[in-house]
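This is what each chain is made of:
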Amino acid sequence: MKAYLEDIPLEKGRQSLYAYRFELPFFEFKWHYHPEYELTYIVRGSGFRLVGNKYEPFEAGDLILLGSYVPHTWSSKEITGETVEAIVIQFTPILFESLGNLRECVSIKALLTKASSGLAFNASAELIRDMEEVIHRKDLSKILQLLHVLDQLTNVPHRSIAPNAAQVTISKQHEMRINKVCLYIQNRFSEPVTLKEVADLIFLTESNFCKFFKKAVGKTFSDYLNEIRINEAARLLLQTDQSVAQIANDCGFETLSYFNRVFLRKKGSAPTAYRKLH
């Protein structure tokens, strides 16, 4: 599969560090990669994150450091009256070609090396404030503030997201296919969606599509579809007073019994118990 190369301001040679805060109606599935490292903090919003072929849920407070050329995307559903928000810092590897050889930067260099598999952190409010401060600094002060943030991260507990993230096949033959499929699923998950129709969407046989999708996303097509549906069902259980049967139907499940089984497997409790618990 191929993620597309994102063209960001750093690539145009204007700056080696690009930091910004943005707000959108939702995170659109946009599978991509770029030569820059990327540090992303989710201020508001929830959904699913794909790094390499590791597919996981995310929520506000999610802090991820990605290495150079690691394919990734954040994805969420558009909800009327709600928005998503994130802080992003993207910086070129050139920044650390010299600094990385300094003894004082050994820990930072090691952290950036591990970022090739994607790293998830439990960030403090102070760290996030320091991260946001990078946005407001200029020139050398901006770079020094980034170094301060990265130095702090070397002492923060973290876990690897996708050990093979940098090994995901980037092939022109599969360019944009995963984006097309996942956007299709995201827009139609409440309707019956068959394996044949998504395979036809990118001109593959059902068998080849299954292999392609599992390799790209790390899940089978049916499991991915159920993840999207159950995530939406969980939101409706907590934010509406709709009956479980109505929610199951609205989220694309043909029978209540099947919905209950999948929900229990994905969330660890039955829908009614989940609503009461949360």
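Just so we're clear, the structure is a prediction, and the values are computed from it rather than from any experiment. (Residues numbered from 1 in each chain as written. Predicted model: local features only at pLDDT ≥ 70, side-chain atom pairs only at ≥ 80, totals over all residues. Heavy atoms only, no water.)

**Looking at the environment of A199**
Defined as follows: In DSSP terms, a helix is any run of H or I states spanning at least four residues, a strand is any run of E spanning at least two, and both are numbered starting from the N terminus. Under the scheme applied here, a residue whose accessible area is under 20% of the maximum for its type counts as buried, over 50% as exposed, and between as partly exposed, the area being computed with a 1.4 Å probe on protein chains only.
Tracing the chain through its elements places A199 in helix α6 (residues 195-201). A relative accessible area of 0% places A199 in the buried class. A199 sits 136 residues away from L63 along the chain, and the two C-alpha atoms are 34 Å apart.

**Concerning the pairing of strand β9 (residues 84-91)**
Successive residues of a regular strand alternate their side chains across the two faces of the sheet. In terms of burial, β9 is a largely internal element, eight of the eight residues being buried. Every second residue of β9 is oriented toward a common face, with V84, A86, V88 and Q90 on one face and E85, I87, I89 and F91 on the other, all of them buried.

**Some details on the pattern of salt bridges**
For clarity, the cut-off: A pairing counts as a salt bridge when a side-chain nitrogen of Lys or Arg comes within 4 Å of a carboxyl oxygen of Asp or Glu.
Tallying each qualifying case throughout the model produces 14 salt bridges. Here R44 and E23 are joined by a salt bridge, their closest N and O atoms 3.1 Å apart. Note that R44 is positioned in strand β4 (residues 37-44) and E23 in strand β2 (residues 17-24), a separation of 21 residues in sequence. Judged by its relative accessible area of 48%, E23 is partly exposed. With a closest N to O distance of 2.8 Å, E232 and R235 form a salt bridge. In this pair, E232 and R235 both sit in helix α8 (residues 221-239), three residues apart, roughly one turn of the helix. Overlapping salt bridges, with partners in common, bring together R21, E23, R44, E85 and E132 in one network.

**Notes on the environment of E206**
Rule in force here: Whether two residues are in contact is decided by their heavy atoms: any pair within 4.5 Å suffices.
You can see E206 is positioned in helix α7 (residues 206-217). Not counting the four nearest positions on each side in its chain, E206 is found in contact with L195, K196 and A199.

**A few points about the sheet that holds β4**
Put simply, the rule is: Strand pairing is assigned whenever DSSP detects at least two bridges linking the two strands. Working convention: axes come from line fits to C-alpha atoms, limited for helices to the stretch in contact. Angles between N-to-C directions cover 0 to 180 degrees.
Pairing in this open sheet of six strands is antiparallel, and the strands run β2-β9-β4-β7-β10-β11 from one edge to the other. With partners counted over all chains shown, the strands left at the sheet margins are β2 and β11 (158-160), one partner each. Across this sheet, the average inter-strand angle for adjacent strands is 20°, counted without regard to direction. Pairing between strand β10 (residues 119-121) and β11: three bridges, direction antiparallel. When the sheet's bridge partners are listed, F121 is paired in β11 with H158. Across the face of the sheet, helix α4 (residues 139-153) comes into contact with β2, β4, β7 (63-66), β9 and β10 while running at roughly 75° to β2.

**Observations concerning the packing of aromatic side chains**
Two measures describe an aromatic ring pair: the distance that separates the ring centres and the angle between the ring planes. Defined as follows: Within 6.5 Å between ring centres, the rings of Phe, Tyr and Trp (the latter by its six-membered ring) count as paired, and their orientation is classed by plane angle as stacked under 30 degrees, edge-to-face over 60, tilted in between. By definition here, charges over rings are those cases where NZ of Lys or CZ of Arg is within 6 Å of the ring centre and within 35 degrees of the ring normal.
The tally for this structure, following the rule as stated, stands at 18 aromatic pairs. Relative to F221, the ring of F209 lies with its centre 6.0 Å away and its plane at 75°, an arrangement referred to as edge-to-face. Here F221 lies in helix α8 and F209 lies in helix α7, a separation of 12 residues in the sequence. Aromatic side chains F253 and Y258 sit 5.9 Å apart centroid to centroid with 55° between the ring planes, which places their arrangement in the tilted category. Members of the aromatic cluster, connected to one another through ring pairs, are F48, Y55, F209, F212, F213, F221 and Y224. It is R229 that lies over the ring of F253; its NZ or CZ is 5.9 Å from the centre.

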